[in-house]
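One-letter residues, chain by chain:
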Amino acid sequence: MIVETPKIEFRDLDLRFTAEDGSEVQVLNSVNLNVKEGEFVCIVGPSGCGKSTLLNIACGFLNPTRGQVLIDEVPVTAPNRKRVFIFQDNSVFPWLTVSENITFGLVDQTPAEKDELVNRYVEMIGLTGFEHAYPRELSGGMKQRVEIARALASGPDVLFMDEPLGALDWLTRLKMRADLVEIWRQEKKTILFVTHDVEESVQLADRVVVLCDRPAEIRAVVDVDLPRPRSLDDPEYLQIRDEIFDLMGLDHHGIEASQR
Ligand SMILES: Nc1ncnc2c1ncn2[C@@H]1O[C@H](COP(=O)(O)OP(=O)(O)OP(=O)(O)O)[C@@H](O)[C@H]1O
């Protein structure tokens, strides 16, 4: 039997913070999870349960109190250029153009290679024609696209995304979700994606990891075995969405009515 090595492995992870008054706050409790190469995994859970903390540990920004995260079987002890973190509040540089933002930090490429990267990713994120625009000339959604292009241009093998669409309006979010799926299909990166939005997680992920309230443990891992692109009114999609709402103890009745 061939055993597939996980791309990312969370092994028995605990995290405790020491509060200002010296008391201890346990945020993560015994988190175990394997993520496959090229998999799109979403993490959902109640606000403040520890979703961002989990991502911060996986990216090497934080050390766990116990356990470890391995990527390609190597323990994560510090940030690494091959793993890029994308936040909700985009951090494009306002003084650089779109193409300068995309190539920022690339040191090993020739100017011609950088041009090629700009062309490839500007097209992929749908910003052709805006290469020389400054962020002040772009909408929030467009800036977040630049952020994603910059991340991809650096050639990562893992993308950590913490509520990357959280600051966008509903319509822009919907469009960005569809585009993200397409980008993921083309780029074949492993993606760990934190979201508050259960619907978003079911639309995007191969698997949805549901965390319980702090200290967070994994309550369930839900397979989303549906073809993409996914329709928001497909009964199977709705069934998985409602299963996750139930796992989170949320009342989902009335969602459809509120969206009309
Ligand atoms: N540096 C820190 N020191 C002490 N406590 C912290 C620190 N960082 C986070 N916490 C606490 O850890 C808990 C988990 O925070 P985290 O940001 O991971 O939750 P989250 O699930 O991502 O929240 P949200 O969904 O609201 O963004 C929170 O209670 C938070 O107050």
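The structure presented is a predicted model; accordingly, all values stated were derived computationally and were not measured.

### Re the overall build of the protein chain
If you tally the helices and strands in the protein chain, you get eight helices and 10 strands. For the protein chain, whose C-alpha radius of gyration is 19 Å, the value lies close to the compact-globule estimate of 18 Å for 260 residues. When the 28 positive and 44 negative side-chain charges of the protein chain are each reduced to one mean point, those points stand 2 Å apart.

### Some words on the packing of aromatic side chains
The full count for this structure, using the stated rule, is seven aromatic pairs. Arranged with centres 5.7 Å apart and planes meeting at 70 degrees, the rings of Phe40 and Trp184 form a pair that is edge-to-face. Within this pair, whereas Phe40 is found in strand β3 (residues 40–44), its partner Trp184 is found in helix α5 (residues 170–187), the two being separated by 144 residues in sequence. Across the pair, exposure class does not vary: Phe40 and Trp184 are buried alike. Centre to centre, the rings of Phe61 and Phe85 are 5.3 Å apart; their planes meet at 45 degrees, and the pair counts as tilted. Of this pair, Phe61 sits in the loop between α1 (51–59) and β4 (66–71) while Phe85 sits in strand β6 (residues 83–86), and the two are 24 residues apart along the sequence. Assessed through its relative accessible area of 43%, Phe61 is described here as partly exposed. The cationic tip of Arg150 hangs over the ring face of Phe93; the distance from NZ or CZ to the ring centre is 4.8 Å.

### Details of the sheet that holds strand β8 (residues 190–194)
With mixed pairing, the six strands of this open sheet are ordered in space as β6-β7-β8-β3-β9-β10. Of all strands in the sheet, those with a lone pairing partner are β6 and β10 (218–223), marking the two edges. For this sheet the average axis-to-axis angle between neighbouring strands, irrespective of direction, equals 15 degrees. The pairing of strand β9 (residues 207–211) with β10 spans five bridges and is antiparallel. Among the inter-strand pairings, Leu211 is bridged to a residue of β10, identified as Ile218.

### A look at a nonpolar patch on the surface
Together, Trp170, Leu171 and Leu232 give the surface a local cluster of nonpolar side chains, amounting to about 300 Å² of exposed area. Relative to the assigned elements, Leu171 resides in helix α5.

### Notes on the pairing of β6
Burial along β6 is two-sided: the face carrying Arg83 and Phe85 and the face carrying Val84 and Ile86 are both buried. Sheet analysis places β6 next to strand β7 (residues 158–162), joined by four bridges and oriented parallel. By the bridge assignment, Ile86 is partnered in β7 with Met161.

### Comments concerning the UniProt feature "domain: ABC transporter" (unreviewed entry) in the protein chain
As recorded in UniProt, the sites labelled "domain: ABC transporter" (unreviewed entry) are residues 10–238. End C-alpha atoms of residues 10–238 are separated by 29 Å, and the span's content is 31% helix alongside 26% strand.

### Focus on the site of the ligand
The environment of the ligand is made up of Phe17, Val27, Pro46, Ser47, Gly48, Cys49, Gly50, Lys51, Ser52, Thr53, His196 and Arg214. A distance of 3.0 Å separates an oxygen atom of the ligand from a polar atom in the backbone of Gly50. When residues of the shell around the ligand are assigned to their parent elements, the largest contribution, three residues, is made by α1.

### A word on α1
Of all nine residues in α1, eight are buried; the element is thus mostly enclosed. Burial in α1 covers these residues: Lys51, Thr53, Leu54, Leu55, Asn56, Ile57, Ala58 and Cys59. Gly60, located one to two residues past α1, shows a positive phi value of around 90 degrees.

### Notes on the pairing of β3
Every other side chain in a regular strand lies on the same face of the sheet, so the side chains alternate between the two faces. Counting buried positions along β3 gives five out of five residues, so the element sits mostly inside the fold. Burial along β3 is two-sided: Phe40, Cys42 and Val44 and Val41 and Ile43, pointing in opposite directions, are all buried. Here β3 pairs with β8 via four bridges, running parallel. By the bridge assignment, Val41 is partnered in β8 with Leu192. By the bridge criterion, four bridges tie β3 to β9 in an arrangement that is parallel. By the bridge assignment, Val44 is partnered in β9 with Val210.

Reading the values: the criteria
- Residues numbered from 1 in each chain as written.
- Predicted model: local features only at pLDDT ≥ 70, side-chain atom pairs only at ≥ 80, totals over all residues.
- Heavy atoms only, no water.
- Helix = DSSP H or I, 4+ residues; strand = E, 2+ residues; numbered from the N terminus.
- Rg over C-alpha atoms; globule rule 2.2 N^0.38 Å.
- Lys, Arg positive; Asp, Glu negative; His and termini not counted.
- Charge placed at Lys NZ, Arg CZ, Asp CG, Glu CD.
- Phe/Tyr/Trp six-rings, centres within 6.5 Å; stacked < 30°, edge-to-face > 60°.
- Buried < 20%, exposed > 50% of the residue type's maximum accessible area, 1.4 Å probe, protein only.
- Lys NZ or Arg CZ within 6 Å of the ring centre and 35° of its normal.
- Pairing = 2+ DSSP bridges.
- Axes fitted to C-alpha atoms, helices over the stretch in contact; angles between N-to-C directions.
- Patch = residues over 30% accessible without salt bridge, like charges linked within 9 Å, V, L, I, M, F, W, Y side chains within 5 Å.
- Areas by Shrake-Rupley, 256 points an atom, 1.4 Å probe, with all protein chains shown as cover.
- Salt bridge = Lys/Arg side-chain N within 4 Å of Asp/Glu carboxyl O.
- UniProt positions renumbered as here; feature names shortened; annotations may be inferred.
- Near = heavy atom within 4 Å.
- Polar contact = N/O pair within 3.5 Å; in protein donor to acceptor, adjacent residues only side chain to side chain.

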